Each structure stands twice: as structure tokens, then as C-alpha cells.
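What follows is each chain in one-letter form.
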Amino acid sequence: MFPTPIQKRSRAAQLTYQSFLPLALILWLAPLIAVAIFSIRPIADFTQGNYWGMPSSFDFFANYGRVFFDSDMPRYMLNSLMITIPTVIGAVALSSMTGFALGIYRFRGNLLIFFMFIAGNFVPFQILMVPVRDLTVGMGLYDTKLGLILFHVAFQTGFCTLFMRNFIKALPMELIEAARVEGVREWQIFWYVVLPLMRPAIAALAVLIFTFIWNDYFWAIVLTQGPEAQPVTAGITSFNSQFVAQYNLMSAGSIVAAIPPVLMFFAMQKHFIAGLTLGAVK
Amino acid sequence: MTATAPRQTWLKRNKMTVTPLLFLLPGVLFFSLYVIIPIFQSFNISLYRWDGLGEATWVGLGNYQELVGDRAFEISLWNNVKWLALYLLAIPAGLFIALFLNQTVTGIRLYKSLFFFPFVISQVVVGLVFTWFYLPRVGLLNATLEFVGLGSLNILGDPTLATYGIIAAGLWPQTAYCMILYLTGLNAVDPEQIEAARLDGAKGARMLWYVVLPQLKPATFIAFVVTIIGALRSFDLISIMTNGGPFGSTRVLSFYMFERALSEYGFRMGYGSAIAVVLFMIMLIFIAYFLWSMWRDERPARN
């Protein structure tokens, strides 16, 4: 193990390390902790310039209550969910099929198609912006959730195919050969042999795509414009202009907007990290 | 029976070609429609003057000629270079934190998760958090600076500092990402090699450089890929934190493109597409390199 395990070092080193850990963490998360503290302060603290002293009262419920009952925030959150979940399902479904085709079969152009997916996944969004916006407007889907979902599914299929194909490629081929010898049809191999083995990959992609799409901002402002369809990342700017300079409410709003992916991460940490490292780093 | 028999055998004979094609079809169609074809369309649009609604006028390379003399384009390009260079700091910083946290003391799992935490939050919220962090009177940064008697800094209001302030905000989640890549990589480092090197008297920096880092190569490669792509994709933070200001000093190509094509600065789709093409070409250098390295790794697997 590298670096040397702290247990093998002197008592003094161990104590230093143990006390450094929380200190480093507090420093690392300081900007976020500051926002969390802001979000429970009453507005009076800000008008009186009491930014960093003791909060004059604990206004957690009042502040977060206003975010939920006095603004469009719940609506934006709901929009985000209604965009994110179908995207996850769509991208995972499409890419388990493409991944299967590219991981199992040998045919001309296999690697070419695979690399097309990878390359497309890396392009800057701006090169797609004008045509995708035109396409969405043309289909009558501008400022709708469906318009955003369709684009996200298509774009995320690139990344998901990369992941799925590499995962399937690492499965034991003997299993598939054996099924073929038994006379199992190709689509049945996909459904009954490969798909059950892909569960960890599907879980990893699902949490990852959930986070990516929840956090998307660029496409939200390009393809939507009002509280009808806007997800929370775009909606939060209107939220902030509703509560200008009320730092306690703006902070509370930001925290609410950030929470779903955070919960997702803590619930499915192992899968999340497996996805992020692209399975390449084990 | 007689009519369908040859057809069935054709399908049977070719099932190893037909099956993958059918499985690929929906994904490839969708991906082409929304990603591949739009790239070529953008190239085409960049040759026109077009407001997005009316008639498009062919101007050839006119938009590109205009770019050459455009001061705002020049600033954006330079800022992209700054982003690229400074964003790479996330890699050593991530490695450093990973080495710091690669221990087995009680609660270390929670520490690792909490250090990684900034990456999970949307860039929009990161942008807001750092905007407030930098605020002249209210922000934690200036509160601290004043407390230790260093006076105050209006980072986002100062054209010479603003870009660096935004990059610092971007480094926060990116370092967390690189950290998790290295933590996962360190887990897989061969303990026998470490012990052997230790017996040979290697330790500290030499051990890291000659024994550990070579084994972390896959992690470093992915860290490079995601950091470079992230640097060139930077948009959210700029839009949230400064909206390109003060005086346009924090624009990057991705932001400037959006500003030209789709904001109050007017709907110049052709000019915007030309900016996007330039950004795409820069990105293409890196994409080509990444694909080439991946292709090299694929080859032994195929033979």
C-alpha cells in the first residue's frame, strides 16, 4: 500500500493525521458550509451585517418553507425529475442494445461505429446548438420536456455505449457460445444471457446519467424558457431574481436544487464511482 | 413453405450480420440525428449570414474573416488557453488529496465521500456558492482576508482577476473527480511491487515517481481526458458567475458563441457557428489523440 499505512508510523504522526483530517475537510468544504449556514439565518442578520456571527435565530423551517411554498421551486424540481428519469431509461435501453451489438459481434465497421459514439460524446455542445435547436423548434418541441429528453437520450447514448460495450466485451464469451450451441436465438441471448449480467453496468450508468442530466444547464437554457418545462438548474436563476439579495433564501434554494444527485450519490456510491472511472481503473 | 424457405435460410445464414445491425439501428439513428449530422450542419451554417428565422445569405468564409479582427474572439481564445493550462492543476491536486486519504483509519470512507462531494453538485450551484464566497462584504473569502488584516478583494468585479476566480471555482469539483480516479487507481496498485521497492530502499517521492505513478497510468489518462474536455466545455460557471463580464473579460469560446447566436447580442447563427467550428477544431486535436490511444489499446485485444 502506498503511502505507508499510518498505523506503521509513530504515535505522534498518527495523532497529527487524525486531527488534520477533519481540518482539511472543513477547509475543503468551506464555501459550501458557508452557504449551509446562510440558509438557516433570518433575513435580519443580512440587513444588520451579521454575516458571520451567531445566527440571531434558527430559521431553517421558515427559509426552506418559503422555498417550497412561496416560489416555483417545487415545479422546477418536478420538471427536472420528469426530464431526468425518462432520459435515464431511454439512454440505458438504447445503449444496452448498441453495447451488445458492438461488444459481442465481429463485423466490418464495428470499431468505426464504436469510435463514432466516443468521438461524438466529446464534442463541444456549441457545435450542436444551432441545428439541434432548429430541429427541436421544427418538431414543435421547443420549450417542452420531451424536446430536452430526446436530445439528452441521443447524446448520452454516446457515453453509455462506450461504457456498455467495454463492460460486455469483458464478459466470458464461452457463455454466449454455449448458448448458441444450445440453439438459443440471438435476441434471446441478449435478453436472457447478457442483460442479467449487465445489471452492475446498468446501475452505474443509471446513477451517473441521473446526475449528469439533473445538473445540465446549457441545454436547459437553449431548449426551454419558462417554468412550464425548465429544469431546476435553469429555474434557479429566476428563483434568485425573485429573492434578490435575500441570501438566506437563495442559499436554501441552491441547497434544495443540489440535493437529489447528492442523495443518489450517497445511496449508490459504489456504482457511481465504477461509472465515473469508466470501468477502466479497477 | 416453398416461398418462405429460402428467405428464412438467408436470414439464418446472415444472422451474425443482421442481429448486430438491428440492435445498432435505433441508437445509431438517434445519435446521428442529434449529434453527428448537426456537426456537419454547423459547418455549413458557418458559411452563411443568418438570423435563425429569415433567409440565409451565403458569405463564404466571411464569418471567419470577421473573427480574425474580433477583439472579443481573441479574448475568448486566450481565456480558453488559460482554462486549459490551469484546469490541468486538478490532476496533481487530485493525486495529492488521494494520497492524503489513502489510509485505513476509522471513518475514512465517509471522508472520501465528503471530499468527493463537490463533483456531484451541479456547476450552477457551484457557481452560486463561489459567487457568494467571493462577495466583497458578505463572502467568506473576504471576511477571512479582513480578519487576518489583508484587506478585501472584489475578485469577480476585477477584469484581471475574474477569470482566475472562475477557474478556481471549476477546479474544486474537477479536483474531486481526479481524486476519486486516483483513489480507485491506488486501490489496484500491486502491493508486492511496493514491498519489493521498499526493500530496495525506495520511498517517498522516488517511490511515487518510479513505482506508483507508472501503475496509475490508466487513471492519469482518464483524468487528462475528462479535465481537458471539462476545461474546453466550461460554460455554466461563466454564465452564472459573471455572465461574461466584467467588460467581457471572462468570455471563453463556448460562452461567446452562445452570446452571439442566442442572447440579447442578437441572433447571429452563422457567426456563432463559425466560433463553434473553431472550438470544435481545437477539441478535435484532443479527441483525435484520445481515440488514437484507445485504438492502440484495442488492437492487441482484436488479434
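Since we're looking at a predicted model, the values are computed, not measured.

Enquirer: Help me understand the domain arrangement of chain A, please; the structure alone is not making it clear to me.
Expert: One frequently used descriptor of interface size is the decrease in accessible area upon assembly of the parts. All names here are of chain A. On domain assignment, one finds that chain A holds domain 1 (6–62) and domain 2 (69–276). With centres defined by C-alpha atoms, the gap from domain 1 to domain 2 works out at 34 Å. Contributing elements (two or more residues each) for the side of domain 1 that touches domain 2: α2 (30–38) and α3 (43–47). The dominant element in the side of domain 1 that touches domain 2, judged by the number of residues it contributes, is α2, at 3 residues. When its residues are assigned to classes, the side of domain 1 that touches domain 2 shows 6 nonpolar, 1 polar and 2 charged.

Enquirer: Before we go on, may I ask you to explain unusual backbone geometry in this structure?
Expert: The phi torsion of most residues other than glycine is negative, and most of the peptide bonds are trans. All names here are of chain B. The step from Gly 245 to Pro 246 runs through a cis peptide bond, and the omega angle for that step is -10 degrees. Of note, the phi angle at Asn 243 is positive, near 55 degrees, even though the residue is not glycine. Relative to the assigned elements, Asn 243 resides in the loop between α13 (236–241) and α14 (253–262). Residue Phe 247 is not a glycine yet carries a positive backbone phi of 55 degrees.

Enquirer: I keep staring at the environment of Ile 39 of chain B and nothing clicks. Help me out?
Expert: Within the secondary structure layout, Ile 39 of chain B lies in helix α2 (residues 15–45). For the pair Ile 39 of chain B and Lys 82 of chain B, spaced 43 residues apart in sequence, the C-alpha separation works out to 26 Å. For Ile 39 of chain B, the residues in contact, after removing those within four places along its chain, are Val 123, Ile 127 and Leu 128 of chain A.

Enquirer: Just checking my understanding: could you explain the nonpolar core for this structure?
Expert: Nonpolar side chains tend to gather and get buried jointly when the protein is soluble and globular. If you look at the biggest cluster of nonpolar residues, it comprises 165 residues, and the most contacted ones within it are Met 179, Tyr 182 and Ile 275 of chain B. Once you skip the residues sitting within four places of it in the chain, Met 179 of chain B turns out to touch Gly 94, Ile 97, Ala 98, Phe 115 and Phe 116 of chain B.

Enquirer: Got a minute to help me understand helix α9 (residues 162–187) of chain B in this structure?
Expert: Three- or four-residue spacings in an α-helix give side chains the same orientation, since the helix completes a turn every 3.6 residues. All names here are of chain B. Between its first and last C-alpha, α9 extends 38 Å over 26 residues, near the 38 Å set by a 1.5 Å rise per residue. The axis of α9 is deflected most strongly, by about 30 degrees, at Trp 172, and proline Pro 173 appears within four residues downstream. Across the 26 residues that make up α9, a large majority, 23, are buried.

Enquirer: Sorry, what's going on with the domain arrangement of chain B here?
Expert: In terms of domain boundaries, chain B breaks down into domain 1 (4–45) and domain 2 (69–302). Put simply, the middle of domain 1 of chain B and the middle of domain 2 of chain B, counted by C-alpha atoms, are 37 Å apart.

Here is what the cut-offs are and how they apply
Per-chain numbering applies: the sequence of each chain, read as written, is numbered from 1 onward. Note on labels: chains are lettered from A, ligands numbered from 1, in written order. For this predicted model, a pLDDT threshold of at least 70 governs which residues receive local features, and a threshold of 80 or more governs which side-chain atom pairs are given and counted, while totals over whole chains, interfaces and linings are taken from all residues. Reported domain spans reflect what an automatic or database domain assignment gives. Secondary structure counts use DSSP, requiring at least four H or I residues in a row for a helix and at least two E residues in a row for a strand, with both numbered from the N terminus. Just so you know the grouping, Ala, Val, Leu, Ile, Met, Phe, Trp, Tyr, Cys and Pro go in nonpolar, Asp, Glu, Lys and Arg go in charged, and all remaining residues, Gly too, go in polar. Note that contacts rest on C-beta atoms placed from the backbone: two residues are in contact if these are within 7 Å. We call a set of buried Ala, Val, Leu, Ile, Met, Phe, Trp, Tyr and Cys residues a nonpolar core when their C-beta atoms link them within 7 Å. Labels follow a simple rule on C-beta atoms placed from the backbone: if 20 or more others lie within 10 Å of a residue's own, it is buried; if 12 or fewer, it is exposed; otherwise it is partly exposed. Every helix has an expected span of 1.5 Å times one less than the residues it contains. We define the bend at any residue as the angle between the axes fitted to the seven residues before and including it, ending there, and the seven starting there.

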